[in-house]
Structure formats: structure tokens, C-alpha cells
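Observations on the three-dimensional arrangement
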Amino acid sequence: MQEFIDLLSKVIFFTIVATIVLAVVTYIAYKVRNARRGPSQAGSHPILSDDGSFLEPVLFEKYVPNPVKGEE
């Protein structure tokens, strides 16, 4: 039984190490890809609707609840 526990602990350990290594490699690949693309151009182009007219930005309005009587 002790051999099984030793084997299982080694498998768990190497799985954790492999996950961390893959996360680091993925993060580095992401940074390299973004560095090759250059700065983002997302905000420099206006947004057009289907008919070609410019769209105004749509923002949410802040919700303000009605005050409860007696708390004013």
C-alpha cells in the first residue's frame, strides 16, 4: 500500500509542476504575440452601424433607489 501512496504522490506532484510550467509558457507566448502585433488599435476607429452611420456610445445609467419613507 505504501508503494501505491508514493506513486500517487509523485503523479500529483509532477502534474502540479507540469501545470505551472505550461501556464508560464502560455503566458510568455501570449506576451510575445502581443509584442509582435504592436500597440492595440481598438479605440482609434469609429463604430459604424449596418447602414454606415456612426453609433453613439451606449452607457448604463446609474441606479439610484427611491428613499424609504422616514429615512430622508
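Look a little higher up for the structure.
Here the structure is a predicted model, which is why all the values come from computation and not from measurement.

1. Comments concerning the overall build of the chain
- Helix and strand content of the chain: one helix and zero strands.
- Here the chain holds 72 residues, and 1% of them are scored as buried.

2. Side note on the packing of aromatic side chains
- Evaluation of the coordinates by the stated rule reveals one aromatic pair.
- Measuring from centroid to centroid gives 5.4 Å for Phe13 and Phe14, while their planes differ by 70°, and the two rings are edge-to-face.

3. Quick look at a nonpolar patch on the surface
- On the surface, Met1, Phe4, Ile5, Leu8, Ile12, Ile16, Ile20, Val24, Tyr27, Ile28, Tyr30 and Val32 cluster together to form a nonpolar patch covering roughly 1,200 Å² of accessible area.
- Looking at the element boundaries, Ile28 is found in helix α1 (residues 2-37).
- Its relative accessible area of 48% is what places Ile28 among the partly exposed residues.

4. Describing α1
- In this model, α1 (36 residues) spans 53 Å end to end at C-alpha, consistent with the 52 Å of a helix rising 1.5 Å per residue.
- The first or second residue beyond α1 is Gly38, which carries a positive phi of 90°.

What counts as what
- Residues numbered from 1 in each chain as written.
- Predicted model: local features only at pLDDT ≥ 70, side-chain atom pairs only at ≥ 80, totals over all residues.
- Heavy atoms only, no water.
- Helix = DSSP H or I, 4+ residues; strand = E, 2+ residues; numbered from the N terminus.
- Buried < 20%, exposed > 50% of the residue type's maximum accessible area, 1.4 Å probe, protein only.
- Phe/Tyr/Trp six-rings, centres within 6.5 Å; stacked < 30°, edge-to-face > 60°.
- Patch = residues over 30% accessible without salt bridge, like charges linked within 9 Å, V, L, I, M, F, W, Y side chains within 5 Å.
- Areas by Shrake-Rupley, 256 points an atom, 1.4 Å probe, with all protein chains shown as cover.
- Salt bridge = Lys/Arg side-chain N within 4 Å of Asp/Glu carboxyl O.
- Expected span 1.5 Å × (residues − 1).

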